[in-house]
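What follows is each chain in one-letter form.
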Amino acid sequence: MNFFSLNKEAANTSFKDAVIRGLAPDRGLYFPESITPLPDDFFKNIDKLSHSEIAFEAIKQFVSPEIPEAELKTIVEETLSFDFPVVELNKNISFLELFHGPTMAFKDVGARFMARCLGHFSKQNAKQDVTVLVATSGDTGGAVANGFLGVEGVKVVILYPSGKVSDIQEKQLTTLKKNITALEVDGTFDDCQDMVKKAFLDAELTDHIKLTSANSINVARWLPQLFYFMFAYKQLHNKYDNLVFSVPSGNFGNVCAGMMAQQLGLPIKHFIASNNENNVVTRYLESEHYDVKPSIQTISNAMDVGNPSNFVRIQEIYKNDFKTLKENLSSYSFTDKETKVAMKEIYNDYSYIADPHGAVGYLGAKNYVETHPDAHCVCLETAHPTKFLDVVGEVIPENIALPPQIVAVMDKKKKSIEISTYSDLKTYLLNR
């Protein structure tokens with residue numbers, strides 16, 4: 001499989017080169033040249049397949065022939081070493097729990113898959129280390145740090161906005177050491193992301209350092225997220241005919257991956273992008289005017305993105321046709337106050353504790369079913385509530401037991417390097 005740049009001004013390249021580059025030379029995101037739907041029998045017989053078998057069949061066309069099938073099966077099995085349960089609240093709404101991995105966030109799957117792909121490629125080229133440069137608004141940093149920890153030939157540099165991630169999120173990305181370095185940025189997530197993108201286009205850096213990114217701009221981080229939607233379909237398709245997914249959306253990689261599952265033949269007709277007050281896509285679907293604004297800090301911080309990188313991939317999937325896009329995607333935006341009310345409602349009505357991101361997904365689903373009562377909305381619960389104890393503890397009158405993954409990092413000492421500008425980042429990368 002080859003990949004092309006969505007800016008259409010760079011040469012097409014292989015999966016391996018797309019993973020190692022992260023971003024195309026023309027600053028475009030990579031996208032597969034073709035998408036071959038899976039046979040109908042795959043979905044008819046999905047109940048008989050394990051998660052690893054489903055994932056292998058779904059992803060193999062995108063990574064062949066760079067990763068042999070035997071190696072890919074091992075990568076998939078190691079990536080999916082935890083569960084993805086569905087919790088049904090009522091006849092219209094369920095939660096798909098994506099927080100049972102090592103850092104208790106949905107990004108564990110993409111980070112673990114990419115780390116293993118990059119580890120495979122680094123064995124083939126041991127002459128030069130690869131530096132993974134990644135910006136995080138919260139959960140990406142911890143997932144990437146954990147996924148790449150100790151991977152030979154790979155160094156990881158994580159940029160995160162100072163004071164704008166939760167305490168647990170910060171501990172997960174600043175305490176692992178070894179081949180992991182955290183840079184604490186005086187700014188927003190958008191500032192971090194802009195620095196990362198600028199680094200890829202800086203010849204003074206790229207001539208000396210082999211850079212790649214582990215944000216969802218990287219195809220190996222983004223594509224495995226399509227697995228979730230197939231796992232949910234497997235669990236629910238015999239019970240509900242009209243499945244819809246409500247996805248808490250920041251950089252839009254997750255909902256975009258769901259749309260890739262749709263392109264592979266998964267019989268899902270609609271998606272909901274549930275936004276906090278960083279709502280560029282909600283406004284776009286209302287006006288057809290894409291107006292980027294600086295990100296706003298909210299209690300659902302992993303979605304605090306003012307310029308979603310992956311939206312251009314969504315436009316490519318639907319051939320830049322606004323009418324087709326609206327047929328497949330709805331979007332709603334909610335305030336922090338509404339999010340907290342939703343968290344209380346979910347707890348009081350269903351005895352379920354949702355994190356702020358899952359609560360935004362729930363609100364999107366609730367809005368949608370008001371006008372689509374025959375739909376069953378699967379909300380992606382993207383992180384464990386204990387990762388946001390300051391918010392959850394304020395809203396929910398219950399002491400939540402801390403999972404071992406959280407306990408393991410709470411008393412560790414943070415280690416980060418403070419930076420303010422791109423020049424600071426460049427100096428660090430050249431001199432480390």
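This one's a predicted model, so the numbers in the text were calculated from it and none came from an experiment. (Residues numbered from 1 in each chain as written. Predicted model: local features only at pLDDT ≥ 70, side-chain atom pairs only at ≥ 80, totals over all residues. Heavy atoms only, no water.)

Re the side chain of Arg112
The criterion, for reference: Starting at the N terminus, helices and strands are each numbered in turn, a helix being any DSSP run of H or I of at least four residues and a strand any DSSP run of E of at least two. A simple rule labels every residue: compare its accessible area, found with a 1.4 Å probe on the protein chains alone, to the largest value its type can have, and call it buried under 20%, exposed over 50%, or partly exposed in between. Charge counting treats Lys and Arg as positive and Asp and Glu as negative, with His and both chain ends excluded. Salt bridges, as used here, are contacts in which a Lys or Arg side-chain nitrogen is within 4 Å of a carboxyl oxygen on Asp or Glu.
Positionally, Arg112 belongs in helix α5 (residues 107–124). Buried and unpaired, Arg112 has no salt bridge, with Asp108 as the nearest side chain of opposite charge at 6.3 Å.

Here's the deal with the packing of helix α6 (residues 139–148) against helix α7 (residues 167–174)
Note the threshold: A fitted line through C-alpha atoms serves as each axis, taken over the contacting stretch for helices, and the angle formed by two N-to-C directions is quoted from 0 to 180°. Here roughly perpendicular refers to angles of 65 to 115 degrees, roughly parallel to angles under 35, roughly antiparallel to angles over 145, and oblique to all remaining angles. The hand of a helix crossing depends on one turn: near helix anticlockwise from the far one by less than a right angle means left-handed, and clockwise means right-handed. Contacts are residue-level and defined by heavy atoms, with any inter-residue pair within 4.5 Å sufficient.
Close contact between α6 and α7 brings their axes to 8 Å; oriented N to C, the two are set at 30 degrees. Viewed along their axes, α6 and α7 adopt a mutual orientation that is roughly parallel. For the element pair α6 and α7, the recorded crossing hand is left-handed. Contact residues: Asp139, Gly141, Gly142 and Ala145 in α6; Gln169, Gln172 and Leu173 in α7.

Structural notes on the UniProt feature "modified residue: N6-(pyridoxal phosphate)lysine" (unreviewed entry) in the protein chain
Selection criterion: UniProt positions are given in the numbering used here, feature names are shortened, and annotations may be inferred rather than shown by experiment.
UniProt marks Lys107 with the feature "modified residue: N6-(pyridoxal phosphate)lysine" (unreviewed entry), using the numbering shown here. Owing to a relative accessible area of 9%, Lys107 belongs among the buried residues under this scheme. In this structure, Lys107 is in contact with Asp139, Thr140, Ala143, Arg221 and Tyr228, ignoring residues within four places of it in sequence.

Considering the domain arrangement of the protein chain
Our working definition: For the purposes of this description, domain bounds are those given by an automatic or database domain assignment. When two components associate, each loses some accessible surface as probed by a 1.4 Å sphere; the sum of these losses over both components is called the buried area. Polar contact is the term for a pair of N or O atoms within 3.5 Å; when the atoms are in protein, one must be able to donate a hydrogen and the other to accept it, and sequence-neighboring residues count only if both atoms are side-chain atoms.
For the protein chain, the domain assignment lists domain 1 (84–103 + 221–395) and domain 2 (129–209 + 402–431). At the interface, 24 residues of domain 1 touch 23 residues of domain 2. Between domain 1 and domain 2 the total buried area reaches about 1,700 Å² when both faces are included, carbon and sulfur atoms providing 45% of it. Of all residues in domain 1, Thr103, Asn301 and Lys387 bury the most surface against domain 2, accounting for 32% of the area lost on that side. Joining domain 1 to domain 2, the criterion identifies 0 salt bridges. At the junction of domain 1 and domain 2, the tally comes to 11 residue pairs in polar contact (both at pLDDT 80 or more).

Some thoughts on a negative patch on the surface
As a reminder of what qualifies: Patch membership requires over 30% relative accessible area and the absence of a salt bridge. Like charges are linked within 9 Å, and nonpolar side chains (Val, Leu, Ile, Met, Phe, Trp, Tyr) within 5 Å. Only the protein chains shown count as covering a residue, and every accessible area follows the Shrake-Rupley method with a 1.4 Å probe. Note on charges: their place is set at NZ of Lys, CZ of Arg, CG of Asp or CD of Glu.
Taken together, Asp186, Asp191, Asp194 and Glu418 make up a surface patch of like negative charges. Tracing the backbone shows Glu418 in strand β14 (residues 417–419). The exposed category is assigned to Glu418, whose relative accessible area is 66%.

Some points on the pairing of strand β10 (residues 243–248)
Formally: Pairing between strands requires that DSSP locate at least two bridges from one strand to the other. The definition of a right-handed crossover adopted here requires that, viewed with the strands pointing away, the path from the first strand over the helix to the second runs clockwise.
By the criterion of burial, β10 is predominantly enclosed, with 6 of the 6 residues buried. The sheet contact formed by β10 and strand β13 (residues 376–381) spans 4 bridges and is parallel. By the bridge assignment for β13, Phe245 is matched with Val378. As paired elements, β10 and strand β11 (residues 270–275) share 5 bridges and run parallel to each other. The residue of β11 that forms the bridge with Pro248 is Ser274. Note that the unit made of β10, helix α12 (residues 253–263) and β11 has a crossover that is right-handed.

Digging into the nonpolar core
The condition that has to hold: Nonpolar cores were defined as sets of buried Ala, Val, Leu, Ile, Met, Phe, Trp, Tyr and Cys residues, with membership established by side-chain atoms within 4.5 Å.
Of all hydrophobic cores here, the largest spans 126 residues; its most connected members are Phe15, Phe148, Leu159, Leu226, Met230 and Leu329. Considering every element that reaches this core, the biggest residue donor is helix α11 (residues 226–236), with 9 residues. Phe99, Phe334, Leu363 and Val369 belong to the second-largest nonpolar core, a separate cluster that totals 37 residues.

What to know about the packing of aromatic side chains
Cut-off, in case you're wondering: Pairing of aromatic rings covers Phe, Tyr and Trp, the last through its six-membered ring, and needs centres within 6.5 Å; plane angles under 30 degrees mean stacked, over 60 mean edge-to-face, and all others mean tilted.
A full pass over the atoms with the stated rule returns 22 aromatic pairs. Centroid distance Phe4 to Phe31: 6.0 Å. Interplanar angle 65 degrees. Geometry classified as edge-to-face. With a gap of 27 residues between them, Phe4 in strand β1 (residues 2–5) and Phe31 in strand β3 (residues 30–32) connect regions that are remote in the sequence. Phe31 gets classed as buried once you look at its relative accessible area, which sits at 5%.

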